[in-house]
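So you can see what is in the structure, the chains are spelled out below.
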Amino acid sequence: YDRRKLTPQKGCLLVGPTRTGKTHSVSALHGEIKRMLKRTGQAEKFSFIEIPAASLNDTKRGGIRRWMYVLQSKAPCIAFI
(Lines give C-alpha, C1' and ligand atoms only; values in the text may rest on other atoms or scores of the structure.)
Protein backbone atom coordinates (compact mmCIF):
# COMPACT_ATOMS: atom_id res chain seq x y z
CA TYR A 1 0.00 0.00 0.00
CA ASP A 2 2.76 2.41 0.96
CA ARG A 3 4.87 1.94 -2.16
CA ARG A 4 1.90 2.26 -4.51
CA LYS A 5 0.39 5.20 -2.57
CA LEU A 6 -2.87 3.26 -2.07
CA THR A 7 -5.38 3.69 0.72
CA PRO A 8 -6.07 0.42 2.59
CA GLN A 9 -9.59 -0.88 3.09
CA LYS A 10 -11.51 0.09 6.23
CA GLY A 11 -11.91 -3.55 7.21
CA CYS A 12 -11.28 -7.08 6.11
CA LEU A 13 -12.83 -10.33 7.32
CA LEU A 14 -10.63 -13.41 7.11
CA VAL A 15 -12.68 -16.61 7.12
CA GLY A 16 -11.65 -20.20 6.70
CA PRO A 17 -10.82 -23.49 8.35
CA THR A 18 -8.32 -23.75 11.16
CA ARG A 19 -4.58 -23.86 10.47
CA THR A 20 -4.75 -21.85 7.23
CA GLY A 21 -2.64 -18.88 8.40
CA LYS A 22 -5.27 -16.28 9.31
CA THR A 23 -3.66 -15.44 12.67
CA HIS A 24 -0.17 -15.43 11.16
CA SER A 25 -1.30 -13.06 8.39
CA VAL A 26 -2.85 -10.63 10.86
CA SER A 27 0.25 -10.72 13.09
CA ALA A 28 2.48 -10.04 10.08
CA LEU A 29 0.23 -7.18 8.98
CA HIS A 30 0.38 -5.70 12.47
CA GLY A 31 4.18 -5.86 12.44
CA GLU A 32 4.40 -4.17 9.04
CA ILE A 33 2.01 -1.39 10.04
CA LYS A 34 3.94 -0.81 13.29
CA ARG A 35 7.22 -0.64 11.35
CA MET A 36 5.77 1.83 8.84
CA LEU A 37 4.30 4.03 11.58
CA LYS A 38 7.55 3.91 13.58
CA ARG A 39 9.30 5.62 10.67
CA THR A 40 6.80 8.47 10.85
CA GLY A 41 6.85 8.63 14.67
CA GLN A 42 3.24 7.49 15.06
CA ALA A 43 3.75 3.89 16.26
CA GLU A 44 2.15 4.58 19.66
CA LYS A 45 -1.14 5.56 18.00
CA PHE A 46 -1.83 2.09 16.56
CA SER A 47 -2.92 -0.97 18.55
CA PHE A 48 -3.72 -4.65 18.08
CA ILE A 49 -6.73 -5.81 20.12
CA GLU A 50 -7.64 -9.46 20.68
CA ILE A 51 -11.33 -9.96 21.50
CA PRO A 52 -12.58 -13.26 22.96
CA ALA A 53 -15.57 -14.37 20.84
CA ALA A 54 -17.55 -15.33 23.96
CA SER A 55 -17.42 -11.74 25.23
CA LEU A 56 -19.36 -10.50 22.17
CA ASN A 57 -22.49 -12.28 23.46
CA ASP A 58 -21.94 -11.39 27.13
CA THR A 59 -24.80 -8.92 27.69
CA LYS A 60 -23.89 -8.47 31.36
CA ARG A 61 -20.63 -6.84 30.27
CA GLY A 62 -22.04 -4.86 27.35
CA GLY A 63 -21.54 -7.35 24.54
CA ILE A 64 -20.84 -6.12 21.04
CA ARG A 65 -21.84 -2.53 21.84
CA ARG A 66 -19.11 -2.29 24.47
CA TRP A 67 -16.51 -3.66 22.05
CA MET A 68 -17.57 -1.26 19.32
CA TYR A 69 -17.09 1.61 21.76
CA VAL A 70 -13.65 0.25 22.75
CA LEU A 71 -12.60 -0.16 19.11
CA GLN A 72 -13.77 3.35 18.20
CA SER A 73 -11.81 4.81 21.11
CA LYS A 74 -8.67 2.82 20.14
CA ALA A 75 -8.83 3.55 16.39
CA PRO A 76 -6.75 3.04 14.34
CA CYS A 77 -6.40 -0.58 15.37
CA ILE A 78 -6.65 -4.20 14.26
CA ALA A 79 -9.37 -6.19 16.05
CA PHE A 80 -8.78 -9.93 16.14
CA ILE A 81 -11.74 -12.04 17.32
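Above this text sits the structure in question.
My aim in this report is to walk through the structure given alongside it, one point at a time. Everything numeric in this text was worked out from a predicted model, so none of it was measured.

Rules used in this analysis
- Residues numbered from 1 in each chain as written.
- Predicted model: local features only at pLDDT ≥ 70, side-chain atom pairs only at ≥ 80, totals over all residues.
- Heavy atoms only, no water.
- Helix = DSSP H or I, 4+ residues; strand = E, 2+ residues; numbered from the N terminus.
- Buried < 20%, exposed > 50% of the residue type's maximum accessible area, 1.4 Å probe, protein only.
- 1 Å grid on protein atoms, 1.4 Å probe; cavity = no way out; pocket = protein on both sides within 12 Å on 5 of 7 lines; lining within 4 Å.
- Points joined across faces, edges and corners; volume = space filled by probe spheres on them.
- Contact = heavy atoms within 4.5 Å.
- Pairing = 2+ DSSP bridges.
- Right-handed = clockwise from strand over helix to strand, strands pointing away.
- Expected span 1.5 Å × (residues − 1).
- Arc of directions from axis to C-beta.

Here the focus is unusual backbone geometry. In the segment running from Ala75 into Pro76, the intervening peptide bond is cis, with an omega of 0°. Looking at the secondary structure, you find Pro76 in the loop between helix 2 (63-74) and strand 2 (77-80). Its identity as a non-glycine residue notwithstanding, Arg19 has a phi of 65°, on the positive side. Residue placement: Arg19 occurs in the segment before helix 1 (22-40). Arg19 gets classed as exposed once you look at its relative accessible area, which sits at 84%.

Size it by volume and the largest pocket reaches roughly 1,400 Å³. For the largest pocket, the lining is made up of 34 residues, of which Pro8, Gln9, Leu29, Ile33 and Ile78 are closest to its centre. Contributing elements (two or more residues each) for the lining of the largest pocket: helix 1 and strand 2. At 10 residues, helix 1 tops the list of elements feeding residues into the lining of the largest pocket.

Moving on: the side chain of His30. Locating His30 in the fold gives a position in helix 1. If we ignore the near neighbours within four places in the chain, the residues touching His30 are Phe46, Ser47, Phe48 and Ile78.

Looking at chain direction, strand 1 (residues 47-50) and strand 2 are connected through 4 bridges and run parallel. Bridging across to strand 2, Glu50 finds its partner in Phe80. With helix 2 bridging strand 1 and its parallel neighbour strand 2, the resulting β-α-β unit is right-handed.

The next point concerns helix 2. In an α-helix, one turn spans 3.6 residues; hence positions three or four apart end up facing the same way. Over its 12 residues, helix 2 runs 17 Å from end to end, which matches the ideal 16 Å to within 8%, given 1.5 Å per residue. Among all positions in helix 2, only Gly63, Trp67 and Leu71 are buried. Projection of helix 2 onto a plane perpendicular to its axis shows the buried side chains occupying an angular sector of 60°, all on one side. In helix 2, the exposed positions that point more than 90 degrees away from the buried face belong to Arg65, Tyr69 and Gln72. Contact partners of the buried residues in helix 2: strand 1 and strand 2.

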